[in-house]
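# Chains, contacts and geometry: an overview
Here are the chains, one letter per residue:
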Amino acid sequence: MVFKNKKYIKYTWKHKIAFLKVEKIVLGKNTIRGYLHDTEKLFLYLFLPKKTVSRIHRSMSRHHVKRARTESDFTQMMIDWECARFTKADKPLDAYETLYKFYPQLQDKMIPLFQKYKIKEKMESISKL
C-alpha cells in the first residue's frame, strides 16, 4: 500500500508546505492547527487506500464544510482553499473562486473572513510559492 500511495503522500506533503506558507502570509504567523494540517492523511496513506483516507479526512477534519463550526475552522478552510491552487493541478481556483463555484451557501461566513484577513490583497502579488 505504501508504494501505491507514494504519489498521494508527496501530493499531500507539498500541499501541507503550501498551507503553512499561505497561513504565514495571511495570518502573519503559523498556528498549531497549521502545523497539524492534513498530517493524519500522511499516516493513513501508509495503511489505507486513497478513497478511504479522503472519506475519513473529510468526515473528521474541521477545515472541511461538514465539520466547520468556529471562526478558526472557517479561517483554516479559507487558507486551505487559497493554497490549493499552488500545488494541486486539479484545484486551480483561489479562495474566492472556490467559494463562489462550490460553496455559495457559505458566503455569509467566508466573505467577512476574506475581508478581515485581506486575503485578496495579500495573495494577489503571489503567483508561485
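Description of the structure in this document. (Residues numbered from 1 in each chain as written. Predicted model: local features only at pLDDT ≥ 70, side-chain atom pairs only at ≥ 80, totals over all residues. Heavy atoms only, no water.)

## Observations concerning the nonpolar core
Among the nonpolar cores identified, the biggest contains 25 residues, and M78, W81, L99, L106, M110, F114 and I119 are the most heavily contacted of them. Secondary-structure elements contributing two or more residues to this core are helix 1 (6-27), helix 5 (71-87), helix 6 (95-102), helix 7 (107-116) and helix 8 (119-123). It is helix 5 that provides the largest number of residues to this core, a total of 7 residues. (Core = buried A, V, L, I, M, F, W, Y, C linked by side-chain atoms within 4.5 Å. Buried < 20%, exposed > 50% of the residue type's maximum accessible area, 1.4 Å probe, protein only. Helix = DSSP H or I, 4+ residues; strand = E, 2+ residues; numbered from the N terminus.)

## Concerning unusual backbone geometry
A positive phi angle, near 60°, is found at D38, a position not held by glycine. Mapped onto the elements of the fold, D38 is located in the loop between helix 2 (32-36) and helix 3 (39-44). By relative accessible area, D38 is classed as buried at 3%. In this model, K118 sits at a positive phi of 50°, which is unusual for a non-glycine residue. For K118, the location among the structural elements is in the loop between helix 7 and helix 8. A residue is classified by how much of its surface remains accessible, and K118, at 47% relative accessible area, is partly exposed.

## Here's the deal with the pattern of salt bridges
Under the defined criterion, the tally for this structure stands at 5 salt bridges. A salt bridge links K120 to D94; the nearest nitrogen and oxygen atoms lie 3.4 Å apart. Of this pair, K120 sits in helix 8 while D94 is found in the loop between helix 5 and helix 6, placing the two residues 26 residues apart along the sequence. (Salt bridge = Lys/Arg side-chain N within 4 Å of Asp/Glu carboxyl O.)

## What to know about helix 5
Compared with an ideal rise of 1.5 Å per residue, which puts 17 residues at 24 Å, helix 5 spans 25 Å between its outermost C-alpha atoms and is within 8% of the ideal. The element helix 5 is extensively covered by neighbouring structure, given that 13 of its 17 residues are classed as buried. (Expected span 1.5 Å × (residues − 1).)

## Some thoughts on the packing of aromatic side chains
In the structure shown here, the tally under the stated rule is 5 aromatic pairs. Ring geometry for W81 versus Y103: centroids 5.1 Å apart, planes at 5°, classification stacked. Of this pair, W81 sits in helix 5 while Y103 sits in the loop between helix 6 and helix 7, and the two are 22 residues apart along the sequence. Owing to a relative accessible area of 9%, W81 belongs among the buried residues under this scheme. Ring pairs connect the aromatic residues W81, F102 and Y103, which therefore count as one cluster. Its end group placed over the ring of Y8, K50 keeps NZ or CZ at 5.5 Å from the ring centre. (Phe/Tyr/Trp six-rings, centres within 6.5 Å; stacked < 30°, edge-to-face > 60°. Lys NZ or Arg CZ within 6 Å of the ring centre and 35° of its normal.)

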